[in-house]
Amino acid sequence: MEYVELKTDNAFCKIAKFGATLVDWKVDSNPVIFVSPNAVLDGKKAIRGGIPVCFPSFGPWSYGAQHGFARTSTWQVAEGPSNSGDESSVVLRLEDTEETRKIWNFKFTLDYKIKIHGSTLILDLDLKNVGDEEISFTNALHTYFCVDNVEKASVTGLKGLDYLDKTLPDTPKLKEDRDQVTLSGWTDRVYLGPTDAVNIQGLPNGGKVKLTSTNLPDTVIWNPWNEKAAAMSDLGAESWPRFICVEAGGCVEPIKVASGAGWQATHRVEYSK
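A brief report on the enclosed structure follows. (Residues numbered from 1 in each chain as written. Predicted model: local features only at pLDDT ≥ 70, side-chain atom pairs only at ≥ 80, totals over all residues. Heavy atoms only, no water.)

**Describing the overall build of the protein**
So, point 1. Secondary structure assignment for the protein yields two helices and 21 strands.
So, point 2. Taking 19 Å as the expected radius of gyration for a compact globule of 273 residues, we find that the protein reaches 18 Å, a close match to that expectation.
So, point 3. Taking the principal axes of its C-alpha atoms as reference, the protein extends roughly 50 × 50 × 35 Å.
So, point 4. The buried share of the protein, reckoned over its 273 residues, is 52%.
So, point 5. Restricting to contacts in the protein with at least 6 residues of sequence separation, those with at least 24 account for 66%. (Helix = DSSP H or I, 4+ residues; strand = E, 2+ residues; numbered from the N terminus. Rg over C-alpha atoms; globule rule 2.2 N^0.38 Å. Buried < 20%, exposed > 50% of the residue type's maximum accessible area, 1.4 Å probe, protein only. Contact = heavy atoms within 4.5 Å.)

**So, unusual backbone geometry**
So, point 1. The step from Phe 55 to Pro 56 runs through a cis peptide bond, and the omega angle for that step is 0°.
So, point 2. Structurally, Pro 56 is set in the loop between strand S5 (53–54) and strand S6 (76–83).
So, point 3. Here the amide bond leading from Gly 193 into Pro 194 is cis, since omega sits at 10°, within 30 degrees of zero.
So, point 4. A positive phi angle, close to 50°, is found at Asp 28, a residue other than glycine.
So, point 5. Tracing the chain through its elements places Asp 28 in the loop between strand S3 (21–27) and strand S4 (30–31).

**Let's talk about the sheet that holds strand S12 (residues 154–156)**
So, point 1. Within the open sheet, the nine strands sit side by side as S6-S7-S8-S9-S21-S18-S17-S12-S15. Their pairing is antiparallel. The open sheet is flanked by S6 and strand S15 (180–181), the only strands paired with a single partner.
So, point 2. Taken together, the three bridges between S12 and strand S17 (residues 198–203) define a ladder with antiparallel strand orientation. Residue pairing for S17: Ser 154 is matched across the bridge by Gln 201. (Pairing = 2+ DSSP bridges.)

**Points about the sheet that holds strand S2 (residues 11–16)**
So, point 1. Pairing is antiparallel across the open sheet formed by four strands, whose spatial order is S1-S2-S3-S4. On the outer flanks of this sheet lie strand S1 (3–7) and S4, each paired with one strand and no other.
So, point 2. As paired elements, S1 and S2 share five bridges and run antiparallel to each other. Residue pairing in the sheet places Val 4 in a bridge with Ile 15 of S2.

**Let's talk about the pattern of salt bridges**
So, point 1. In this structure the tally under the stated criterion is 14 salt bridges.
So, point 2. The partner of Glu 2 in a salt bridge is Lys 17, with the nearest N and O atoms 3.4 Å apart. Here Glu 2 is found in the segment before S1, whereas its partner Lys 17 is found in the loop between S2 and S3, with 15 residues between them in sequence.
So, point 3. Using a relative accessible area of 55% as the deciding quantity, one classes Glu 2 as exposed.
So, point 4. The closest approach of N and O atoms between Asp 165 and Arg 189, which form a salt bridge, is 3.9 Å. Of the two residues, Asp 165 is situated in strand S13 (residues 162–165) and Arg 189 in strand S16 (residues 187–192); the sequence distance between them amounts to 24 residues.
So, point 5. A relative accessible area of 6% places Asp 165 in the buried class.
So, point 6. Classification of Arg 189 by relative accessible area gives buried; the value is 15%.
So, point 7. The network of salt bridges with shared partners includes Asp 165, Glu 176, Arg 178 and Arg 189. (Salt bridge = Lys/Arg side-chain N within 4 Å of Asp/Glu carboxyl O.)

**Focus: the environment of Met 232**
So, point 1. In this fold, Met 232 is placed in the loop between helix H2 (225–230) and strand S20 (243–257).
So, point 2. Assessed through its relative accessible area of 21%, Met 232 is described here as partly exposed.
So, point 3. The residues touching Met 232, leaving out its near neighbours within four places in the chain, are Arg 48, Trp 222 and Pro 224.

**A short note on the packing of aromatic side chains**
Ring pairs (aromatic) are described by centroid distance and by the angle formed between their planes.
So, point 1. Applying the stated criterion to the full structure yields 17 aromatic pairs.
So, point 2. Taken together, a centroid distance of 4.4 Å and an interplanar angle of 35° make the contact between Trp 225 and Trp 240 tilted. Within this pair, whereas Trp 225 is found in helix H2, its partner Trp 240 is found in the loop between H2 and S20, the two being separated by 15 residues in sequence.
So, point 3. On the basis of relative accessibility, which here comes to 11%, the residue Trp 240 falls in the buried class.
So, point 4. Chaining the aromatic ring pairs together yields one cluster made of Phe 55, Trp 61, Tyr 63, Phe 69, Trp 104, Phe 106, Phe 108, Phe 137 and Trp 263.
So, point 5. Over the ring of Tyr 3 we find Lys 14; its NZ or CZ atom is 4.3 Å from the centre of that ring.
So, point 6. The residue whose ring lies beneath Lys 228 is Trp 186, and the NZ or CZ to ring-centre distance is 4.2 Å. (Phe/Tyr/Trp six-rings, centres within 6.5 Å; stacked < 30°, edge-to-face > 60°. Lys NZ or Arg CZ within 6 Å of the ring centre and 35° of its normal.)

See the structure below:
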């Protein structure tokens, strides 16, 4: 599998061209991103962990495999990588092909800029509709964060938001009333934003992150817990306590882009201790 590496004076980032999946980000040698020890890295299956790009679908999809084809496609390097003392970036590109059009018959160019600057990771998505028909899609940056223990990690910034609970029958819409969201079992929720900022505490070595987004209104929190993790061959029962997925996306309301038009979004992850 081919990778692109970004380096600055205090940070390191590694991205697989397969899926444009960011598989490592460290700040001052502190790990931020989790990848399963059992992840399949042969280009035949989406990488379990890191930051997979869900496009043109988040979740189950009538056209094909769950979460779309972007995370199982090989992306091309469009710009860079450029490396300097405090900033490094690369632009990866996914374009429609004969194979993607068999699944989803639309023409597009999706550029994905990954930049590390100081202790911040900046992810920019830039979609252009180069076909004759309107494009409609959902998406997410399916980020797996390292934690010391998922039961002791916490997420703030979601109080007052409605959320869809996918662990309950009929996926009811509920309201979050907690200042600090903690996990005590299988969790699969889509918080309907936007919200100003989401903060995660409990990363290794006392780390924490602040998440802010533009045009990615929803926030997903996911952990499969013991039994479901054990049933995933590329995850395993030993891995679930070590991560929490907190994902930014447009997960529920489809985004529509007219012929010849574009759509942009940005996601920022700021690490601190």
